[in-house]
Structures are given as structure tokens and as C-alpha cells.
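Observations on the model geometry
Chain residues, written in single-letter form:
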Amino acid sequence: MSLLGSIVSKILHPFGGGDAQAKPADAPASTGGSDAPASTATGGGAVAPGSVDVEEVLNGMAAKNGQTLNWRTSIVDLMKLLDLDSSLTARKQLADELHYTGDKEDSASMNVWLHKQVIKKLEENGGKVPADLKD
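Structure report, in brief. (Residues numbered from 1 in each chain as written. Predicted model: local features only at pLDDT ≥ 70, side-chain atom pairs only at ≥ 80, totals over all residues. Heavy atoms only, no water.)

A short note on the nonpolar core
By size, the foremost hydrophobic cluster in this structure holds 32 residues, and its most contacted members are Ile-11, Leu-94, Val-118 and Leu-122. Looking at this core, the elements with two or more residues in it are α1 (3–12), α3 (54–64), α4 (75–81), α5 (88–97) and α6 (107–124). Setting aside chain neighbours within four positions, we find Leu-122 in contact with Val-8, Ile-11, Leu-12, Val-54, Gly-127 and Val-129. (Core = buried A, V, L, I, M, F, W, Y, C linked by side-chain atoms within 4.5 Å. Buried < 20%, exposed > 50% of the residue type's maximum accessible area, 1.4 Å probe, protein only. Helix = DSSP H or I, 4+ residues; strand = E, 2+ residues; numbered from the N terminus. Contact = heavy atoms within 4.5 Å.)

Spelled out as C-alpha cells, the structure:
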């Protein structure tokens, strides 16, 4: 499964209710949004739009985690919270999956872009995303 698929699955299907091989909607080549409905984004594991409260799920995970992780602004902390590899190599892989066209050696800019894209993908795949995290 792709890194993005793992992220979406762990947040939108935290109890394994979705298709284990579900693939999130492909990222657009630009940073613009997609008009694809959420129901087609994950195939058999689709979630009704806005049916999973992303903030509630992640805050619940954070409350049970021994570390203080700022998932709201940090892609590294979000990945750590989900028990995923958050190394630069993994983030570059995620950038490739999401069609990042910037300089991957500028990790600060890439990380900000990755976080925004992951939040956007969660919303596109049926997650209810807090208003303050939307562009």
C-alpha cells in the first residue's frame, strides 16, 4: 500500500472497516483541488463525505500517545502519530506519490506542502477536516 493509502486508511478506517487495499484519490498534478467525488476515491472502502471526524480520530490517537505530537501543522508528527516512517526518505516518497514539483531538498517547504495535501486528500476521501486546516 502507498504511504498516502496508509495515512488515509489509518485515519478514515481506524478499526479496519475499510478495504485494506483501498487507494485514495490520485493527487492532481498541481496544487488545485479535485472534482472527483469521495465515493470514487477509495473504491470499496469509500467513506460517506464528512462521516469521519479527522480531528476527533487524531486527537484520540494523540491522547493515547506518550509523545507530544503536533499533527495539526507537522507532517512528521502526523506520520509519527500514525506509527508510520517519517524519515526524509519516506516524506520524499510521499511527495512523489502526491506529484510534488518543488525542490525535495528544501524539506521545510516540502513538509508544509505535504501536510496541506494530506489534509486535502483526507477530505476528498470522506474525512471531516477542521476549517482551520483547509486552505
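Quick word on the side chain of Ser-6
Residue position: Ser-6 is located in helix α1. Residue Ser-6 is classed as buried on the basis of its relative accessible area, which comes to 16%. Once you skip the residues sitting within four places of it in the chain, Ser-6 turns out to touch Met-1 and Leu-84.

Side note on the environment of Lys-80
Structurally, the position occupied by Lys-80 is in helix α4. Separated by 11 residues in the primary sequence, Lys-80 and Leu-69 have C-alpha atoms spaced 7.8 Å apart. Sequence-distant contacts of Lys-80, that is, excluding residues within four places in its chain, are made with Gln-67, Leu-69 and Ser-86.

Observations regarding α1
Counting buried positions along α1 gives nine out of 10 residues, so the element sits mostly inside the fold. For α1, the set of buried residues is Leu-3, Leu-4, Gly-5, Ser-6, Ile-7, Val-8, Ser-9, Ile-11 and Leu-12. Against β1 (52–53), α3, α4, α5, α6 and β2 (127–128) lie the buried residues of α1.

A few points about α6
Taking 1.5 Å per residue, 18 residues should reach 26 Å; α6 reaches 25 Å between its end C-alpha atoms and fits that length. Listed in full, the buried residues belonging to α6 are Met-110, Asn-111, Trp-113, Leu-114, His-115, Gln-117, Val-118, Ile-119, Lys-120, Lys-121, Leu-122 and Glu-124. Gly-126 sits one or two positions beyond α6 and adopts a positive phi of about 105 degrees. (Expected span 1.5 Å × (residues − 1).)

Considering the side chain of His-115
Locating His-115 in the fold gives a position in helix α6. At 2.7 Å, the side chain of His-115 and the backbone oxygen of Trp-71 are in polar contact. Those residues within four positions of His-115 in sequence are excluded, and the remaining contacts are Trp-71, Arg-72, Thr-73, Ser-74 and Ile-75. (Polar contact = N/O pair within 3.5 Å; in protein donor to acceptor, adjacent residues only side chain to side chain.)

Describing the packing of α1 against α5
Running from N to C, α1 and α5 point in directions that differ by 95 degrees, and their axes come no closer than 8 Å. Considered as vectors, α1 and α5 are oriented roughly perpendicular to each other. Together, Leu-3, Leu-4 and Ile-7 of α1 and Ala-90, Gln-93, Leu-94 and Glu-97 of α5 make up the contact between the two elements. When grouped by side-chain class, the residues that make up the contact of α1 with α5 number five nonpolar, one polar and one charged. (Axes fitted to C-alpha atoms, helices over the stretch in contact; angles between N-to-C directions. Parallel < 35°, antiparallel > 145°, perpendicular 65-115°, else oblique. Nonpolar A, V, L, I, M, F, W, Y, C, P; charged D, E, K, R; others polar.)

Some remarks on the pattern of salt bridges
In total, this model carries seven salt bridges according to the counting rule given. Residue Asp-53 pairs with Lys-128 through a salt bridge whose shortest N-O separation is 3.8 Å. Remark: Lys-128 occurs in strand β2 and Asp-53 occurs in strand β1; sequence separation between them is 75 residues. The salt bridge involving Arg-72 is made with Glu-55; its shortest N-O contact spans 2.7 Å. One end of the pair, Arg-72, is in the loop between α3 and α4; the other, Glu-55, is in helix α3, with 17 residues separating them in the sequence. Salt bridges here are not isolated pairs; linked through shared partners, they connect Glu-55, Arg-72 and Asp-132. (Salt bridge = Lys/Arg side-chain N within 4 Å of Asp/Glu carboxyl O.)

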